[in-house]
Amino acid sequence: MPNGPPSKAPPSSRRSPCPVSCALDLLGDRWTLLVIRDLILGRNRFKDFISSPEGIPTNILSERLERLMTADIIRQVPASDGGKRMAYELTEKGLALRPVLKSLRDWGLAWEEGTQALLQPA
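What counts and how
- Residues numbered from 1 in each chain as written.
- Predicted model: local features only at pLDDT ≥ 70, side-chain atom pairs only at ≥ 80, totals over all residues.
- Heavy atoms only, no water.
- Helix = DSSP H or I, 4+ residues; strand = E, 2+ residues; numbered from the N terminus.
- Buried < 20%, exposed > 50% of the residue type's maximum accessible area, 1.4 Å probe, protein only.
- Contact = heavy atoms within 4.5 Å.
- Core = buried A, V, L, I, M, F, W, Y, C linked by side-chain atoms within 4.5 Å.
- Salt bridge = Lys/Arg side-chain N within 4 Å of Asp/Glu carboxyl O.
- Phe/Tyr/Trp six-rings, centres within 6.5 Å; stacked < 30°, edge-to-face > 60°.
- Disulfide = S-S within 2.5 Å.

- In the nomenclature of an unreviewed UniProt entry, the chain corresponds to Winged helix-turn-helix transcriptional regulator from the organism Prosthecobacter fluviatilis.

**Points about unusual backbone geometry**
Move 1: In the Ramachandran plot, D72 falls in the positive-phi region, its phi being about 60° despite a non-glycine side chain.
Move 2: Within the secondary structure, D72 is located in the loop between α4 (58–70) and β1 (74–78).

**With respect to helix α2 (residues 32–40)**
Move 1: Burial runs high along α2: 7 of the 9 residues are buried.
Move 2: When α2 is considered as a whole, its buried residues turn out to be T32, V35, I36, R37, D38, L39 and I40.
Move 3: As for α2, its buried residues are in contact with α1 (19–27), α3 (46–50), α4, β1, β2 (86–90) and α6 (98–111).
Move 4: At the exit of α2 stands G42, carrying a positive phi of roughly 100°.

**Concerning the nonpolar core**
Move 1: V35, I36, I73 and I74 are the most contacted members of the largest nonpolar core, which has 18 residues in total.
Move 2: By residue number, the principal contributor to this core is α2, which donates 4 residues.
Move 3: In contact with I73, not counting residues within four places along its chain, are L26, L27, I36, L68, E89, L90, T91, K93, G94 and L97.

**Considering α1**
Move 1: Every buried residue of α1 is accounted for by S21, C22 and L27.
Move 2: Elements that come into contact with the buried residues of α1 comprise α2 and α4.

**Thoughts on the pattern of salt bridges**
Move 1: With the rule as written, the count across this model stands at 12 salt bridges.
Move 2: Residue R45 is joined to D81 by a salt bridge in which the shortest nitrogen-to-oxygen separation is 3.1 Å. With a gap of 36 residues between them, R45 in the loop between α2 and α3 and D81 in the loop between β1 and β2 connect regions that are remote in the sequence.
Move 3: Since its relative accessible area comes to 14%, R45 is described here as buried.

**A few points about the packing of aromatic side chains**
Move 1: On inspection of all chains with the given rule, the structure shows 1 aromatic pair.
Move 2: Consider the rings of F49 and Y88, whose centres lie 6.2 Å apart with planes at 50°: the pair is tilted. Here F49 is found in helix α3, whereas its partner Y88 is found in strand β2, with 39 residues between them in sequence.

**Thoughts on the state of the cysteines**
Move 1: One pass over the full model with this rule turns up 0 disulfides.
Move 2: Take C18: it sits in no disulfide, and the sulfur closest to it among the cysteines is that of C22, at 6.8 Å.
Move 3: For C22, a relative accessible area of 13% corresponds to the buried category.

In structure tokens:
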């Protein structure tokens, strides 16, 4: 299994060098993986993320998008409609999270009563 590109010096905000801990430091809040889920499902604009049923507050969404860009998980791109607003897309690093999200979805469907996958990935 590939380990990704060689590591740079770890950010000083890391609690430990444990890879699970480091991943949770970046992805382990209640909103970040939902933003990545939405990107996998084909949503790519700020307004798309806001309209998700979980109701992420705009200030938190802005912070999460900035954090994901800083971590090279997403990048801003011109919107496909040619408007002034920007869109977002997953980088190679972000796309590598697809199987993680699929596993979480499958686990939720199997073990959490009343869950359902309403959309399929784009």
